[in-house]
Amino acid sequence: MDWSEMFFQSWSGIVRTLIVGTMAYAFLVFSLRLSGNRTLAKLNAFDLVITVAFGSTLASILLSESVALAEGITALVLLIALQWAVATASVRASWFARAVRSEPTLLARRGEALPGAMRRARVTREELDTVVRTEGWRSLADVDAVVLESDGSFSVVSDGHRQMAPLARERTEG
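All values reported here derive from a predicted model rather than from experimental measurement.

Caption draft 1: View of a nonpolar patch on the surface. Taken together, the side chains of Trp3, Met6, Phe7, Phe8, Trp11, Ile14, Val15, Leu18, Ile19 and Met23 define a hydrophobic patch exposed on the protein surface, amounting to about 1100 Å² of accessible area. With respect to the element layout, phenylalanine 8 can be found in the segment before α1 (11-35).

Printed below as a string of structure tokens:
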């Protein structure tokens, strides 16, 4: 094994990475701007897979000499086209939307945890309590609802009928 190649192989490899990387990056930014905000929206697991695939494809274009720029651009166009097709089909057919996207899950209602929903969503009571505290409430009993959104984030809802906990008051007043 030639240890020197671990740190430097050739100037042509560096020049290729600079040229092809710049062109691939510019193409990706241009293409994503054309395809719209929905392409990289933070909405669900499918969108995460597409985002990771974009990164992996760009890395392959940059670092693999066996992947030509034209092949890499074709792969990026394919990913963007597939994302557009899935987003369009999701808007037009509710059955398709349900197949590729998760729905929000109600985890707590009127201060009470919903154990069945929490089990299906694989959320522990400790995680639920942490979410409530992070939003400034002392306990689950102080909120009206906690929802696990389709993008994996949590929403803590209070309709204003419950007394705002002192911790939450301090955050809104400070």
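Caption draft 2: Structural detail: the confidence of the model for the protein. Overall, the predicted model of the protein reaches an average pLDDT of 81, with 84% of residues at or above 70. Looking across the protein, the model is least confident in helix α7 (residues 166-173), with a mean pLDDT of 47, and most confident in strand β1 (residues 105-109), with 93. Counting interchain partners and residues more than four positions distant, the pLDDT-below-50 stretch residues 165-174 has 18 contacts.

Caption draft 3: The pattern of salt bridges, seen in detail. Tallied over the entire structure, the rule returns one salt bridge. We note a salt bridge from arginine 125 to aspartate 129, for which the minimum N-O separation is 3.0 Å. With a gap of four residues between them, arginine 125 and aspartate 129 both fall in helix α6 (residues 125-134), about one helical turn apart. Here aspartate 129 falls in the partly exposed class, since its relative accessible area comes to 22%.

Caption draft 4: Fine view of the sheet that holds strand β2 (residues 112-113). With antiparallel pairing, four strands are arranged side by side in an open sheet as β2-β1-β3-β4. For this open sheet the edge positions go to β2 and β4 (154-157), each flanked by a neighbour on one side alone. Of the strand pairs in this sheet, strand β3 (residues 145-148) and β4 are connected by four bridges, and their pairing is antiparallel. Residue pairing for β4: alanine 145 is matched across the bridge by valine 157.

Caption draft 5: View of α6. Those residues of α6 lying buried are Leu128, Val131 and Val132. Taken around the axis of α6, the buried residues stretch over an arc of 100°, which confines them to a single face. For α6, the secondary structure elements touched by its buried residues are β1, β2, α5 (115-121), β3 and β4. One or two residues past the end of α6 sits glycine 136, with phi positive at roughly 95°.

Caption draft 6: Spatial organisation of the pairing of β1. Where β1 meets β3, four bridges bridge the pair, whose relative direction is antiparallel. From the neighbouring strand, leucine 106 faces β3, where its bridge partner is valine 147. Once β1 ends, the chain turns through two residues before running back antiparallel as β2, passing arginine 110 with a positive phi of about 50°.

Caption draft 7: Examining unusual backbone geometry more closely. Phi angles above zero are rare outside glycine, and arginine 110 is one such case at about 50°. Position of arginine 110 among the secondary structure elements: in the loop between β1 and β2. Judged by its relative accessible area of 60%, arginine 110 falls in the exposed class. The backbone of arginine 122 shows a phi angle near 60°, a positive value even though the residue is not glycine. In this fold, arginine 122 is placed in the loop between α5 and α6. What makes arginine 122 exposed here is its relative accessible area of 70%.

Caption draft 8: Up close: the nonpolar core. Leu107, Leu128, Val132, Leu140, Val143, Val146 and Val156 are the most contacted members of the largest nonpolar core, which has 15 residues in total. Of all the secondary-structure elements, those providing two or more residues to this core are β1, α5, α6 and β3. When residues in this core are grouped by element, the largest group, three residues, is from α6. By size, the runner-up hydrophobic cluster in this structure holds 12 residues, among which are Ala24, Leu69, Leu76 and Ile80.

Conventions used here
Residues numbered from 1 in each chain as written. Predicted model: local features only at pLDDT ≥ 70, side-chain atom pairs only at ≥ 80, totals over all residues. Heavy atoms only, no water. Patch = residues over 30% accessible without salt bridge, like charges linked within 9 Å, V, L, I, M, F, W, Y side chains within 5 Å. Areas by Shrake-Rupley, 256 points an atom, 1.4 Å probe, with all protein chains shown as cover. Salt bridge = Lys/Arg side-chain N within 4 Å of Asp/Glu carboxyl O. Helix = DSSP H or I, 4+ residues; strand = E, 2+ residues; numbered from the N terminus. pLDDT = per-residue confidence, 0-100. Contact = heavy atoms within 4.5 Å. Buried < 20%, exposed > 50% of the residue type's maximum accessible area, 1.4 Å probe, protein only. Pairing = 2+ DSSP bridges. Arc of directions from axis to C-beta. Core = buried A, V, L, I, M, F, W, Y, C linked by side-chain atoms within 4.5 Å.

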